[in-house]
Amino acid sequence: MAVIFDFIVQGVQMFVVLAFAPLLTGFVRVVKARLLRRRGPPLLQPYSDLARLLGKEVVLAENASWLFRVTPYMIFAATWVAAALVPTFAGGLIFSWSADLIAIIALLASARFFLALAGLDIGTSFGGIGSSREVMFASLAEPAMIMIVFTLALIAGSTQLSTIAQIMALPEVGLRVSLGLALVALILVAIAENARIPVDNPATHLELTMVHEAMVLEYSGRHLALIELASMLKLLLYVSLIACLFVPWGIAEPGVAPSGFLAGLAIYVLKLAVGGALLGLFETSIAKMRVFRVPELLGVALMLGLLATLFRFVSGSF
Amino acid sequence: MNVEFHAGFLLFSLLALAAAAIPLARVPRGPVIIYGAAAAIAAVAALSGAIAAARGIPLQVRLPLGLPAVGVRLQLDALSSIFVLIVNLAATLASLYAVGYGRHEQEQGRVLPFYCLFLLGMNLVLIADDAFTFLVAWEFMSLSSWALVLVQHRDDVNRNAGFLYLSMAAFGTITLLFAFGVLAGSAGGYAFADIRAHELGRLSAAFALVLALIGTGSKAGLVPLHAWLPPAHSAAPSHVSALMSGVMTKVAVYGFVRIAFDLLGPPDWWWGTLVLSIGGITAAVGILYALMQDDLKRLLAYSSVENIGVIFVGLGLALAFEAYDMRAAAALAATAALFHAFNHSVFKSLLFFGAGAVQHATGTRSMANLGGLIHKMPATAFLFLVGSFAISALPPFNGFASEWLAFQAILLSPEVPDWGLKFAVPAVGALLALSAALAAACFVRAFGIPFLGRPRTAAAEQAHEADRFSLSAMGALAMLCLLAGILPGIVIDVLAPAVNSMVGARMPVQSALPWLTIVPIAESRSSYNGLILFVFIVLAAYFSVYAIHWLASDKVRRGPAWDCGFPDPRPQTQYTASSFAQPIRRVYGALIFRAREIVDMPPPGDLRAARLTVTMRDLVWEWFYAPVAVGVLRTADRMNPLQFQTIRRYLAFVFLALVLLLTVIALWP
């Protein structure tokens, strides 16, 4: 019975992330619009955008290969699985032991691998520029992320995300220098990975510094809908990840009453709202960077992560 | 199967095959017969290795050949049998591939006999049980592969590659000779059993370790001893390149493991730090070099340098843990190293086979001349994609499993009470993560530029699919990549006896765990299940396909590319291999390659073309190799007069040399 219940929680988690992802993106857009004194699109606009894209036919470039058509499904599947393994409203997910935090990072890297290939498939210069920049950003963002994982794993004594979240909620962890460094590094990586300002601009795709939008330029119809949904999921994943690592309170423990899950869900929605509002505020208050300044930003993230790991290696009290 | 039979079978069948290859090379069906027989022999040898590994009893035999007091000793213990399995598995598939691919070679007489001898040489190194046999086999392996490098001997580039390879191989063997000399000591027991029994002082042990690291590292391709490797590995025919890059480097790893973990006594505290630092630097530098290559096979060879670095990081960690008697952690690190060695032999062979198929189909391996091959060679493209995915350490394939184990081993190292290691390990961890991310970039490029996009030349447009033997060999390897990735527990258990013989402990039994999860230390600490993850991804993909086709319009229309409204049909407007690498060259290259980009932009109104000139320098070559080459030439010039002396002077030289040597012997303590 308990197993069945765990399966249900895992299943609910998968659909919660899928349902909330467009909402979070819509919320960030609303916040940004209000900060700019615009009325902006309605909160539910991303859902109607996805529905509209699903209804349209796919226009494929003449020399698109099978890889181009498979890629949206692979990206979506890898991102969805990764997002399903991050504790959102309930901890102790039944499949969380099948992939730890390192595997979640690697799943996102798999999605990126496919996306970068899709950018090269048609043979346009825009696709190439996007792919080549994306892999360059990733070459710094991924090691930075691994260093953050090392820091957290050394504090928690585990790389399992559920276990880390549990341990981070304990009062013994407290405020630590290494945690602060890891948080700053994680925010920098999250901004770069989600193609947000100042690294990339999600609102346009006719700008020479574009990265993510350049790779998906040739996609249309249902393929584009899947890729858009995957990038919304990725944003949700990173916000949930920061929430469950650094604000781990309120996640429903396995075995609580159904009302506990409802409370967990309410707190999770609150966390998402705060995260989305902060992201909107951050994005409106900063200007887009030149593309070759981004490696410096990510280099800072890598160095902070490395420093945090070094602190943990040198002494357990940092 | 006992070791006499194993060795005898290999020796006689491969020697006979090499002899038969000389006349058969002139017969049209000859290569097919030779490669088919080689595949069968390697398969039997792999099976024999597997049986020996499963039985787990070390086998030894002493033959009345070779040096008087030593004889030829052979053995097949846990460590050897694992490497026999790795080597012969890849050799079987390389021979199968060559049944299709090897037919197209021009001068079969230069390939077939040496191919058999090369297989024999590698196998003999693995079963040698005394220093003499080991070195003879090692040199046999080097020389036969050198002959294979020179198959296309009319090309200047290949002749230079062959010369560089020969000099580096000789250098490596000399250092190994000294290493064994130090190991055996002045008493001179050259059998491995005597060497094990011989107690070394700390200084001599350190000396032997460094010599062994140089000797085996020069064969494996550790930076800065790697310079010969990319030209030599890319000059040989592709099935030989696969063997040299995927398998011969593993024989070198075996040599290092045999000396450092088995023959040398307990490790000193700094050995691990030395080995893992060199490994980390090798991994990062190797993959950066790979990213700058235009030649597909050179790129793959540089990526081997990276993977060897990853393996040595694992070995270094194992040495460090062993030095502080942390057996469980040492077992984890050693398993990661051996697992990665196996993985690399699988996916690197697959990728070299793919590169060979591309070269055969188009006549070039320069990525600047390829493009769009996914349409003409769909099966090769798919298999190459699997290999690229696996080597980029992405789940659920095998590269991720071994990299994951290496990260888990790194996370155990804060417990080591050694300050040098406390600083080295996080840095090496960052280098490892950096090289994994750069490897993904490198293989997006290695797959994307030749296989995707539009054909850049007519040759690429007229490419054809590879033959069915090549495809089946590549298919088997791709299957192995997936299987080892989703069932890593089984691989870990197969490697366990070898790990036990290295560090005196093994990882917990994995294949008995529920759902085939792997749990290196404890479940609360970390666990990974490739199978569940794979099923999960497949289900999610299946669900999305189903949902999309239920919800969405399934209409597809083909049209011209959008490209922001300005599509240019010329294939030259695509991103090339070098433009793809430009952002990475700009970020990392300024430091490592002293890369400079000079843009010559004509002023408005001037009609001449703008030019972008990129200069890059190979600092390893300039700092390590060029001075040696200059020094050798200069010394040779100085010594030239010695060749034009009278007979009286020569006699005086001989007399003086004799006196000098006798004085040394008289004064020797």
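For the structure itself, look to the data block above.
Everything numeric here is computed off the predicted structure, so don't read it as measured data.

J.: Requested: an account of the overall build of chain B, with residues and values cited.
T.: Each helix and strand counted, chain B has 24 helices and five strands in total. The C-alpha extent of chain B, read off along each of the three principal axes, is 90 × 70 × 60 Å. Considering only contacts in chain B between residues 6 or more positions apart, those separated by 24 or more positions represent 80%.

J.: Tell me what's going on with the overall build of chain A, and back it up with residues and numbers.
T.: Scanning chain A for helices and strands turns up eleven helices and one strand. By the compact-globule yardstick of 20 Å for 318 residues, chain A fits well, its C-alpha radius of gyration being 19 Å. Reported as C-alpha extents along the three principal axes, the dimensions of chain A are approximately 60 × 45 × 45 Å. Taken across its 318 residues, chain A has 61% of its residues classed as buried. Of the contacts formed within chain A by residues at least 6 apart in sequence, a portion of 81% connects residues at least 24 apart.

J.: Explain the interface of chain A and chain B to me, using residue names and the numbers behind them.
T.: Counting residues at the interface gives 76 residues for chain A, matched by 73 residues for chain B. Every element with two or more residues in the side of chain A that touches chain B is listed here: α2 (45-55), β1 (58-61), α3 (66-84), α4 (101-121), α5 (125-156), α9 (221-246) and α11 (294-314) of chain A. Of the residues that constitute the side of chain A that touches chain B, the class distribution is 47 nonpolar, 19 polar and ten charged. Across four bridges, β1(A) lies against strand β3 (residues 556-559) of chain B in parallel orientation. The residue of β3(B) that forms the bridge with Ala61(A) is Gly559(B).

J.: An account of helix α4 (residues 112-127) of chain B is requested, with residue identities and associated values reported.
T.: Between the first and last C-alpha of α4(B) there are 24 Å, a value that for 16 residues agrees with the 22 Å anticipated at 1.5 Å per step. For α4(B), a buried count of 16 out of 16 residues is recorded, marking the element as mostly surrounded by other parts of the structure.

J.: Describe the environment of Val240(B), naming the residues involved and giving the relevant values.
T.: Residue and element names in this part refer to chain B. By the element assignment, Val240 lies in helix α10 (residues 238-263). You can call Val240 buried: it has 28 C-beta atoms within 10 Å. In this structure, the C-alpha to C-alpha distance between Val240 and Ser349, residues 109 residues apart in sequence, is 9.5 Å. Those residues in contact with Val240 that lie beyond four places of it in its chain are Tyr115 and Leu148.

J.: I'd love a proper account of the packing of α4(A) against α5(A), names of residues and values included.
T.: All names here are of chain A. It is the contact of α4 with α5, at a shortest axis distance of 9 Å, that shows an interaxial angle of 170°. Here α5 runs roughly antiparallel to α4, going by the angle between their axes. The segment α4 lies against α5, with Leu101, Ile102, Ile105, Ala109, Arg112, Ala116, Gly119 and Leu120 engaging Gly127, Gly128, Gly130, Ser131, Glu134, Val135, Ala138, Glu142, Met145, Ile146 and Val149. Taken together, the residues that form the contact of α4 with α5 break down as eleven nonpolar, five polar and three charged.

J.: Explain the environment of Ile374(B) to me, using residue names and the numbers behind them.
T.: By the element assignment, Ile374(B) lies in helix α14 (residues 373-376). Between the C-alpha atoms of Ile374(B) and Ala91(B), which are 283 residues apart in sequence, the distance is 27 Å. Once you skip the residues sitting within four places of it in the chain, Ile374(B) turns out to touch Ser65(A), Leu67(A), Ala381(B), Phe451(B) and Leu452(B).

J.: Tell me what's going on with helix α1 (residues 3-24) of chain B, and back it up with residues and numbers.
T.: All names here are of chain B. For α1, spanning 22 residues, the distance from its first C-alpha to its last is 30 Å, which sits close to the expected 32 Å at 1.5 Å a residue. Buried within α1 are the following residues: Val3, His6, Ala7, Leu10, Leu14, Leu17, Ala18, Ala21 and Leu24. Angularly, the buried residues of α1 cover 145° about the axis, an arc narrow enough to put them on a single face. The outward face of α1, more than 90 degrees from its buried face, is lined by the exposed residues Phe5, Phe12, Ala19 and Pro23. The elements touched by buried residues of α1 are α2 (30-55), β1 (59-63), β2 (72-76) and α4.

J.: Now, about unusual backbone geometry: what can you tell me, with residues and values included?
T.: A cis amide bond, omega 10°, links Ile197(A) with the succeeding residue Pro198(A). Residue Pro396(B) is reached from Pro395(B) by a cis peptide bond, and omega for that bond is 5°. Unusually for a residue other than glycine, Arg37(A) sits at a positive phi of about 60°. As for its placement among the helices and strands, Arg37(A) is situated in the loop between α1 (2-35) and α2. Residue classification places Arg37(A) among the exposed positions, given that 7 C-beta atoms sit within 10 Å. Although it is not a glycine, Ala393(B) sits at a positive phi angle of roughly 60°.

Conventions we followed
- Residues numbered from 1 in each chain as written.
- Chains lettered and ligands numbered in written order.
- Predicted model: local features only at pLDDT ≥ 70, side-chain atom pairs only at ≥ 80, totals over all residues.
- Helix = DSSP H or I, 4+ residues; strand = E, 2+ residues; numbered from the N terminus.
- Contact = placed C-beta atoms within 7 Å.
- Rg over C-alpha atoms; globule rule 2.2 N^0.38 Å.
- Buried ≥ 20, exposed ≤ 12 C-beta atoms within 10 Å, placed from the backbone.
- Nonpolar A, V, L, I, M, F, W, Y, C, P; charged D, E, K, R; others polar.
- Pairing = 2+ DSSP bridges.
- Expected span 1.5 Å × (residues − 1).
- Axes fitted to C-alpha atoms, helices over the stretch in contact; angles between N-to-C directions.
- Parallel < 35°, antiparallel > 145°, perpendicular 65-115°, else oblique.
- Arc of directions from axis to C-beta.

Shape descriptors only; they carry no functional weight alone.
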